[in-house]
Amino acid sequence: MSKRLFNFCAGPAALPEAVLQTARDELTDWHGKGLSVMEMSHRSDEFVSIAEQAEQDLRDLLSIPSDYKVLFLQGGASQQFAQIPLNLLGEDGSADYIDTGIWSRKAIEEASRYGHINVAASAREYDYFAIPGQNEWQLSADAAYVHYTPNETIGGVEFNWIPEVGDKPLVADVSSDILSRPLDVSRFGLLYAGAQKNIGPSGLTVVIVRDDLLGKAHSKCPTMLDYSVAAQNGSMYNTPPTFAWYLSGLVFQWLKAQGGVEAMERINGAKQRKLYAAIDGSELYSNPINIADRSWMNIPFRLADDRLDKPFLVGAEERGLLNLKGHRSVGGMRASIYNAVPEAAVDALVAYMAEFEKQHG
Ligand SMILES: *Cc1c(COP(=O)(O)O)cnc(C)c1O
């Protein structure tokens, strides 16, 4: 007997149950071919068809223009923190970065190893509870690109606008908000995401890059990290993470069947409204983020007395509500409510929060 509980993990995160069932049904014998996807050559017709379908479905979901490449890489979003400057900074370049929390700061730290990084705006003066408005940004004239983090998975702030950076390529770490609602890809030079939040299993990193940004890699850039090498080889310069690619493709098909990112925007909008309303309407729970900058996907909240954290988490587990403990740097709770977390999970969490407050408030 197997059971499925409600999983609020920040990552690796919940996957759609229907996708897992398809993967189970196809696990030992994919489409009558007598072998598992895990056992196929990445150069076989079968796997190439899986890979191409996944790319096409992602292109359809995000309406990715034809002058962008979609790359299926490894190393996680963290590897992109180095790979982006190695590809876009040139031999001695500089770039503008926006600091809105832990992930953008990690990106800044790593990029600083490869060139001059100008922190053009920082949320520090807002204790990272709000996003500095574009009027506060000090962009530099010679930046090769502008990097920001649309959704800070740990802090729980999210841009609900796309920065205006003139003719500079805009680069965004969309690890935790890709596919959560529509996104105008044409506004960006490069988008990247570790798969394990809102795409699929860990081990795969998706990069969407405009063609004119290819072929500019630093002369010492490792071959494996050169976007143009990946692009020329269909992301198969070496063996790609085939099973993660396949499973992500199943998620893309599931998303299409749900009605695409427009449907996700409706559902995710309803989910986050319910959870923030429960937090704001209580005496026990609080979320410190400026209302306009609140994340839809990752919702941190605190209890008025942190001695209640433990009993709250124990009671949550008893009710099948998993992984609500906040990030160690923030404390309290965090509910990650990605695409694959159903509205019923939020309903169950909100009901438990009310019940717990009645007992302990
Ligand atoms: C999780 C996360 C990362 C790190 O991703 P890895 O794939 O583990 O390297 C980076 N940026 C954001 C916004 C994230 O949510």
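Here the structure is a predicted model, which is why all the values come from computation and not from measurement.

### Overview of unusual backbone geometry
Step number 1: Omega for the peptide link from Gly 11 to Pro 12 comes to -10°, which places this bond in the cis form.
Step number 2: Of note, Asp 127 is a non-glycine position whose phi angle comes to about 55°, a positive value.
Step number 3: Position of Asp 127 relative to the elements: it lies in the loop between strand E4 (116-122) and strand E5 (143-148).

### Examining the sheet that holds strand E3 (residues 94-99)
Step number 1: One open sheet accounts for seven strands, arranged E2-E8-E7-E6-E5-E3-E4; its pairing is mixed. Whereas interior strands pair on both sides, the edge strands pair on one side only; in this sheet they are strand E2 (68-73) and E4. The mean inter-strand angle of the sheet, taken between neighbouring strand axes irrespective of direction, is 20°.
Step number 2: Across six bridges, the pairing between E2 and strand E8 (residues 205-210) is antiparallel. Note that in E8 the partner of Phe 72 across the bridge is Val 206.

### Here's the deal with the packing of aromatic side chains
Step number 1: Applying the stated criterion across every chain, the model contains 17 aromatic pairs.
Step number 2: Judged by centre distance (5.9 Å) and plane angle (65°), the rings of Tyr 285 and Phe 312 are edge-to-face. Here Tyr 285, found in strand E9 (residues 285-286), pairs with Phe 312, found in helix H8 (residues 309-318); they are 27 residues apart in sequence, far enough to count as distant. Accessibility assignment for this pair places Tyr 285 and Phe 312 in one class, buried.
Step number 3: Here the aromatic residues Trp 137, Tyr 148, Phe 159, Trp 161 and Phe 188 are joined through ring pairs into a cluster of three or more.
Step number 4: Directly above the aromatic system of Tyr 128 lies the positively charged group of Arg 105, at a separation of 4.6 Å from the ring centroid.

### Topic: the sheet that holds strand E10 (residues 298-303)
Step number 1: The three strands are arranged E9-E10-E12 in an open sheet whose pairing can be described as antiparallel. The open sheet has two edge strands, E9 and strand E12 (333-336), and neither has a second partner.
Step number 2: Pairing of E9 with E10, which is carried by two bridges, proceeds in the antiparallel orientation. If you follow Tyr 285 over to E10, its bridge partner there is Leu 303.
Step number 3: Most of the contacts of helix H7 (residues 260-280) go to E10, to which it runs at about 15°, and overall it touches E9, E10 and E12.

### As for helix H3 (residues 76-88)
Step number 1: For H3, built from 13 residues, the straight-helix expectation of 18 Å at 1.5 Å per residue is met to within 8% by its first-to-last C-alpha distance of 18 Å.
Step number 2: A bend of about 30° at Ala 82 is the largest found in H3, and the proline Pro 85 appears one to four places after it.
Step number 3: In terms of burial, H3 is a largely internal element, 10 of the 13 residues being buried.
Step number 4: Taken from the residues just after H3, Gly 90 is the one with a positive phi, measuring 70°.

### Considering the UniProt feature "modified residue: N6-(pyridoxal phosphate)lysine" (unreviewed entry) in the protein chain
Step number 1: The sites that carry the UniProt feature "modified residue: N6-(pyridoxal phosphate)lysine" (unreviewed entry) are, in the present numbering, Lys 197.
Step number 2: When you line up the elements, Lys 197 lands in the loop between strand E7 (190-194) and E8.
Step number 3: Residue classification places Lys 197 among the buried residues on the basis of a relative accessible area of 13%.

Definitions and cut-offs
- Residues numbered from 1 in each chain as written.
- Predicted model: local features only at pLDDT ≥ 70, side-chain atom pairs only at ≥ 80, totals over all residues.
- Heavy atoms only, no water.
- Helix = DSSP H or I, 4+ residues; strand = E, 2+ residues; numbered from the N terminus.
- Pairing = 2+ DSSP bridges.
- Axes fitted to C-alpha atoms, helices over the stretch in contact; angles between N-to-C directions.
- Phe/Tyr/Trp six-rings, centres within 6.5 Å; stacked < 30°, edge-to-face > 60°.
- Buried < 20%, exposed > 50% of the residue type's maximum accessible area, 1.4 Å probe, protein only.
- Lys NZ or Arg CZ within 6 Å of the ring centre and 35° of its normal.
- Contact = heavy atoms within 4.5 Å.
- Expected span 1.5 Å × (residues − 1).
- Bend = angle between axes of the 7 residues up to and from the residue.
- UniProt positions renumbered as here; feature names shortened; annotations may be inferred.

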